[in-house]
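Summary of structural features
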Amino acid sequence: MSDAFSSQTALVLFSGGQDSTTCLAWALSRFARVETLGFEYGQRHAVELDCRDRLVDGIKGLRADWAAKLGESHTLSIPTLAAVSETALTRDVAIAMGADGLPNTFVPGRNLVFLTFAAALAYRRGITHIVGGMCETDYSGYPDCRDDTIRAMQSALSLGMARKFELHTPLMWIDKAATWKLAHDLGGDALVDLIREQSHTCYLGERGAQHDWGYGCGECPACSLRAKGWREFVAQR
């Protein structure tokens, strides 16, 4: 555990997916107390929110010290995101690449809104550390997942709320295979199995088909990245 964080509290953006579950374990290994925050924004894969309780229960069962550190779980509803966006994550349309070079699963401003609401909640609860699973190494190209964006948001939130926030993105510079490895380093096979069986990444919300890397349609960008990372992780073991 880092001495710099060992007596502090972190707020983890926790969707119920692979990345956010890995980030939750990362935070639990470093901070004295950890709270979680999920968002309901009209996403097609809202089933991810239902996975959170099972993941938290599983994490509590992995390590007694992690169970003792877990604090409140928060959920914020932001239906406006779906109302103002025309995307494959918030509408029943086929996933495709847009003319701007971004997949139509990109929800403009989503992470900017999430981080702003997270900081507002953290402000009220006296928390200055916020942890998110943003990554620009192995991702779909979303501009609000890039390190420059996160650093700019950290500055804006700190200035705008007159409180020095620190945004932690432990996955920013690693690919999906390394994300699986990080989960293994943090919690061994038990955490990897928990993520495989209980987390949700599929953009279509598919929970019927189980693959070796978890549940999902197996074809959407989120499933493809997760499956590819799993294969590379297994090959490296």
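The structure presented is a predicted model; accordingly, all values stated were derived computationally and were not measured.

The next thing to look at is helix H6 (residues 147–161). Across its 15 residues, H6 extends 21 Å between first and last C-alpha, which sits within 8% of the 21 Å expected from 1.5 Å per residue. Asp147, Ile150, Met153, Gln154, Leu157, Ser158 and Met161 are the residues of H6 that are buried. Along the axis of H6, the buried positions cluster into a sector of 125°, meaning they face one direction only. Facing away from the buried side of H6, by more than 90 degrees, are the exposed residues Asp148, Leu159 and Gly160. Where the residues of H6 are buried, they touch helix H5 (110–125) and strand E5 (166–168).

Strands sit in the order E3-E2-E1-E4-E5 across an open sheet of five strands; the sheet is parallel. With partners counted over all chains shown, the strands left at the sheet margins are strand E3 (70–77) and E5, one partner each. Neighbour-to-neighbour, the strand axes of the sheet open up by a mean angle of 25°, direction not taken into account. Relative to E5, strand E4 (residues 129–131) runs parallel, the two being bridged by three bridges. Residue pairing for E5: Ile130 is matched across the bridge by Leu167.

It is worth spelling out the environment of Leu186 at this point. Its place among the elements puts Leu186 in helix H7 (residues 176–198). Ignoring sequence-local partners within four residues, the contact set of Leu186 consists of Thr22, Ala25, Trp26, Ser29, Arg30, Arg63, Trp66 and Leu191.

To continue, consider the packing of aromatic side chains. Considering all chains together, one arrives at six aromatic pairs under this definition. Arranged with centres 4.1 Å apart and planes meeting at 0°, the rings of Phe39 and Phe114 form a pair that is stacked. Of this pair, Phe39 sits in strand E2 (residues 33–40) while Phe114 sits in helix H5, and the two are 75 residues apart along the sequence. Look at Phe114 and you get buried, because its relative accessible area is 8%.

This next bit is on empty space enclosed by the protein. Under the definition given, this model contains one cavity of 30 Å³ or more. Put simply, the largest cavity is a space of about 700 Å³. Only helix H1 (18–28), E2, helix H2 (47–62), H5 and helix H8 (221–236) provide two or more residues apiece to the lining of the largest cavity. Per-class residue counts for the lining of the largest cavity are 15 nonpolar, 13 polar and five charged.

Rules of the game
- Sequence order as written defines the numbering, with residues in each chain counted from 1.
- Local features in a predicted model are, by the rule used here, given only for residues with pLDDT of at least 70; side-chain atom pairs are given and counted only at 80 or more, and totals for whole chains, interfaces and linings are based on all residues.
- The side-chain numbers reported here are obtained from all heavy atoms of the structure, hydrogens and water having been left aside.
- Only DSSP runs of H or I with at least four residues qualify as helices, and only runs of E with at least two residues qualify as strands; both kinds are numbered from the N terminus onward.
- Expected span of a helix, by definition, is 1.5 Å for each gap between consecutive residues, and there is one gap fewer than residues.
- Each residue's exposure class comes from its accessible area (1.4 Å probe, protein chains only) as a fraction of the maximum for that residue type: buried when under 20%, exposed when over 50%, partly exposed otherwise.
- The directions considered for the arc are those from the helix axis to the C-beta atoms.
- Pairs of residues are marked as contacts when any of their non-hydrogen atoms sit within 4.5 Å.
- At least two bridges found by DSSP between two strands are what make those strands a pair.
- As a rule, the C-alpha atoms of each element are fitted with a line to give its axis, helices using only the stretch in contact, and angles between N-to-C directions run from 0 to 180 degrees.
- Pairing of aromatic rings covers Phe, Tyr and the six-membered ring of Trp, with a centre-to-centre limit of 6.5 Å; geometry is then stacked below 30 degrees between planes, edge-to-face above 60, and tilted otherwise.
- Cavities and pockets were defined on a 1 Å grid built over protein atoms only: a cavity is a set of grid points that admits a 1.4 Å probe from which the probe cannot escape, a pocket is an open set flanked by protein on both sides within 12 Å along at least five of seven lines, and lining residues are those with an atom within 4 Å of any such point.
- Grid points are joined across faces, edges and corners, and a volume is the space filled by probe spheres set on the points.
- Polar here means any residue outside two lists: the nonpolar Ala, Val, Leu, Ile, Met, Phe, Trp, Tyr, Cys and Pro, and the charged Asp, Glu, Lys and Arg; Gly therefore counts as polar.

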